[in-house]
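An overview of the molecular structure
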Amino acid sequence: MHKYSTWFRRAVWLGILADWALGIPTIFAPEWVLDTLGFRATGDPVWTAFAALLVVLLSLFYIPGASDPHRYRFNAWLAVFARVPGVIFFLLLYPGAYPAFGILDGVLFLVQLPLLLLALKEPPARPVEADPGAPQAPPDGATKWFRRMVWLGILADWGLGLPAIFFPEQLFAVLGFRPTGDPVWTAFAALILVLLGAFYVPGANNPYRYRFNAHMAVWARPPGVIFFLLLWPGIYPAFGILDGVLFLLQIPFLVKMMQNRPRLGPQLDTDVLDYDGSTFREVRDVAFSGPYDELPYHQGIRPGRILQLLVDSARNLHDRRDVRPYYDKLIHSNGVAMTGVWRIDRETPYTGYLATGSEGLLLIRASVAGLFTTRGHRRSFGIAGKVYPTMDPDERAWPGNFVTVSHLSGTFGKHIVDLVPTNAPTVGIDPAANLINRLVFRIVDTRPGYRQLFPLSTLGLPAGEAPVTPDMLRLVVPESIPRVDARDFRDELRLEHYPDGKLVWEIQVKDFADEEWTRIGEMVLDAYAIAEGQDKRLHFWIPRDVPTRPKPAGWRERQPAPGGPAPIAPAAGRATAGHGPAYPGGATPAPAPSAAARTAADLEG
């Protein structure tokens, strides 16, 4: 578990939010903010406002280090040590003017430094990106000139900023500028300007490795133009002109250089359409790989990742792969992988692996959506599964995927197994659930909350046979199974807590018009892993929605009689011999889908 990394992120974000809360209103109303806080009045609101603008810009450079301190170590270290100059400035260099700001920086430094040291001792949450080195495109000088232009800006900032920290009045007299009315704020703005220049250095030296710093070194210039030429015009226009000239010199080289950025080789995910099935064993081995010593907490969706969520949602409709390169799950970030058997043991009118006697290997990922994994909070429980049309773990096949989720706004349930996931969950009133499901998902699909079941009803279906698919599916843990008291849902789902080390979900189905659910089978899970592989590499294809197909003539005559069907033996001809050793428990393997069956599935999707 990355406990200290999580707390370091929180501590840095606390500092960022404090900077924004003080800085943003001060840009536009410096006198009002200081008066409201009961601080010493400013003698020169221009420099107070400009210092606030620079504080806000500086805090943006803290974000990469707050998001991933292992990958962005430079930003993480500077985010911490950028607090020290504030302490020295307000408590030693200009004591008695605004000591509260120095104390705030000191407290943040004392909180953040030990957390950073402890966080860097933990293993990284993801593989750290290697330095890609020089661009692989033919050299055209763009990178060299970009570095020169950024360094030109750094030297200009330091050339003006360093003397202004200690001698602001004298510097302005030498330059012939309007005298400062409050040297404290002028000197503080100069200090922040020097710190900003330090954050530009990685982007100037290695813009491909430090892309964020390189971009920000350029885009931090237009706010200065707006400030001195539009927001406070006629006072220090030379500073706005300087920022404007530097921006115009830097931006064309930045654009050209990023067009030539190096390829990162195998880290690029270019195999979205290259899929020819998988074996149960290889997918299970990936899902069970990298077991955690302690339960992790993966943040998942954050405000800055909405665009990535849209991209991932569109990709899921086309990407059939069972295993992907390392990636972040943005909604169901924390989960448990389980394996066992999918078994339809009742008479059904359905086809494929919803038909009577169907039995196949099963891999599921049980997870919660949202911020909280522990009871006492609202949790939305989901089960995504892969049904393999075989009992041979080494037989290559195309599994049938399904996705079920409980009430999307979450439920206060003591036991996670009492939450019932379905392929058509209700949304509720939670704003985040509504934003994601009613807006983001609707952009890429027609019925964003509804996951069809045809990947199961067409699995192994003979060519020419019309699929028969129920409208809805839900998964229910029988009341006869004991409930386990555990704070985190992943501890609750550890199979050693259950009789014989197995956990069973009943498979229940119905159509939209039906009032009652019908049990048709069960999922029996007998192995599990709480591991990085299932959190970061296991993937479930979510097929694009298609209009609900009318059932073929005569399908209702095949439905079980009211009163509940009795268990039945597997249908004749459904199991085959000669597939190698049975798995698990000596069960007879079932056939893998034929090419014609795959075609049927493709036509449905």
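Residues numbered from 1 in each chain as written. Predicted model: local features only at pLDDT ≥ 70, side-chain atom pairs only at ≥ 80, totals over all residues. Heavy atoms only, no water.

**Re the side chain of Ser358**
Looking at the element boundaries, Ser358 is found in the loop between strand E2 (334-344) and strand E3 (359-369). Within the structure, Ser358 has its side chain in polar contact with the backbone oxygen of Ala355 (distance 2.8 Å). (Helix = DSSP H or I, 4+ residues; strand = E, 2+ residues; numbered from the N terminus. Polar contact = N/O pair within 3.5 Å; in protein donor to acceptor, adjacent residues only side chain to side chain.)

**Here's the deal with the confidence of the model for the protein**
Averaged over all residues, the pLDDT of the protein is 82; the fraction at 70 or higher stands at 79%. Here helix H20 (residues 595-604) is the element of the protein with the lowest mean pLDDT, 34, and helix H3 (residues 45-60) is the one with the highest, 96. Note that pLDDT drops below 50 for residues 129-139; the model gives that stretch 22 contacts with residues more than four away or on any other chain. Scored below 50 in pLDDT, residues 263-267 makes six contacts in the model with residues more than four places away or belonging to other chains. (pLDDT = per-residue confidence, 0-100. Contact = heavy atoms within 4.5 Å.)

**Let's talk about unusual backbone geometry**
Not every positive phi belongs to a glycine, and Asp500 is a case in point at roughly 60 degrees. Here Asp500 lies in the loop between helix H18 (489-492) and strand E8 (503-510). Residue classification places Asp500 among the exposed residues on the basis of a relative accessible area of 76%. (Buried < 20%, exposed > 50% of the residue type's maximum accessible area, 1.4 Å probe, protein only.)

**Concerning the sheet that holds E8**
Pairing is antiparallel across the open sheet formed by seven strands, whose spatial order is E6-E4-E3-E2-E9-E8-E7. Two strands bound the open sheet, and with one partner strand each, they are strand E6 (400-405) and strand E7 (472-476). The mean inter-strand angle of the sheet, taken between neighbouring strand axes irrespective of direction, is 30 degrees. When strand E4 (residues 380-388) meets E6, the two strands line up antiparallel, connected through six bridges. Bridging across to E6, Ile383 finds its partner in Thr404. Helix H14 (residues 280-287) rests against E2, E3 and E4 of the sheet, and its axis sits at about 25 degrees to E3. (Pairing = 2+ DSSP bridges. Axes fitted to C-alpha atoms, helices over the stretch in contact; angles between N-to-C directions.)

**A short note on the pattern of salt bridges**
Counted by the stated rule, this structure contains 22 salt bridges. The residue Arg284 makes a salt bridge to Asp285 at a minimum N-O spacing of 3.6 Å. Its relative accessible area of 44% is what places Asp285 among the partly exposed residues. The partner of Asp485 in a salt bridge is Arg375, with the nearest N and O atoms 3.7 Å apart. Of this pair, Asp485 sits in the loop between E7 and H18 while Arg375 is found in the loop between E3 and E4, placing the two residues 110 residues apart along the sequence. (Salt bridge = Lys/Arg side-chain N within 4 Å of Asp/Glu carboxyl O.)

**Things to note about the environment of Arg375**
For Arg375, a relative accessible area of 30% gives the class partly exposed. Along the backbone, Arg375 and Asp485 are 110 residues apart, and their C-alpha atoms lie at a distance of 9.6 Å. Leaving out residues up to four positions away in the same chain, Arg375 has contacts with Gly413, Lys414, Asp485, Ala486 and Arg487.

**A word on a nonpolar patch on the surface**
Taken together, the side chains of Leu152, Ile226, Leu229, Leu230, Ile241, Val245 and Leu249 make up a nonpolar region of the molecular surface, amounting to roughly 610 Å² of accessible area. When contributions to the nonpolar patch are tallied by element, the ones reaching two or more residues are helix H12 (221-231) and helix H13 (237-259). Mapped onto the elements, Ile226 comes out in helix H12. Residue classification places Ile226 among the partly exposed positions, given a relative accessible area of 47%. (Patch = residues over 30% accessible without salt bridge, like charges linked within 9 Å, V, L, I, M, F, W, Y side chains within 5 Å. Areas by Shrake-Rupley, 256 points an atom, 1.4 Å probe, with all protein chains shown as cover.)

**Here we look at the environment of Pro499**
Along the chain, Pro499 falls in the loop between H18 and E8. Remark: the alpha-carbon pair of Pro499 and Pro482, spanning 17 residues in sequence, is separated by 8.2 Å.

**Considering the packing of aromatic side chains**
Applying the stated criterion across every chain yields a total of 43 aromatic pairs. Measuring from centroid to centroid gives 5.4 Å for Phe89 and Phe188, while their planes differ by 50 degrees, and the two rings are tilted. Note that Phe89 is positioned in helix H6 (residues 83-93) and Phe188 in helix H10 (residues 183-205), a separation of 99 residues in sequence. Phe188 sits in the buried class, given a relative accessible area of 9%. Here the aromatic residues Trp47, Phe50, Phe172, Phe177, Phe227, Phe228, Trp232, Tyr236 and Phe239 are joined through ring pairs into a cluster of three or more. Across from the ring centre of Trp517, 5.4 Å away, lies the NZ or CZ of Lys510, which sits over that ring. (Phe/Tyr/Trp six-rings, centres within 6.5 Å; stacked < 30°, edge-to-face > 60°. Lys NZ or Arg CZ within 6 Å of the ring centre and 35° of its normal.)

**Describing H3**
For an α-helix, 3.6 residues make a turn, and residues three or four places apart therefore share a direction. The end-to-end C-alpha distance of H3, which contains 16 residues, comes to 23 Å, matching closely the 22 Å that a straight helix rising 1.5 Å per residue would cover. Of all the 16 residues making up H3, 15 are buried; the element is thus mostly covered by neighbouring parts of the structure. (Expected span 1.5 Å × (residues − 1).)

**Considerations on the environment of Arg284**
Mapped onto the fold, Arg284 is located in helix H14. Arg284 sits 250 residues away from Gln534 along the chain, and the two C-alpha atoms are 8.9 Å apart.

**Quick look at the packing of H3 against H12**
For the pair H3 and H12, the least separation of the axes is 11 Å and the interaxial angle reads 165 degrees. Between H3 and H12, the crossing angle belongs to the class labelled roughly antiparallel. Crossing of H3 over H12 shows right-handed handedness. In contact with Val46, Ala49, Phe50, Leu53 and Leu57 of H3, H12 contributes Pro223, Phe227 and Phe228. By residue class, the composition of the contact of H3 with H12 is eight nonpolar, no polar and no charged. (Parallel < 35°, antiparallel > 145°, perpendicular 65-115°, else oblique. Left-handed = near helix turned anticlockwise from the far one by under 90°. Nonpolar A, V, L, I, M, F, W, Y, C, P; charged D, E, K, R; others polar.)

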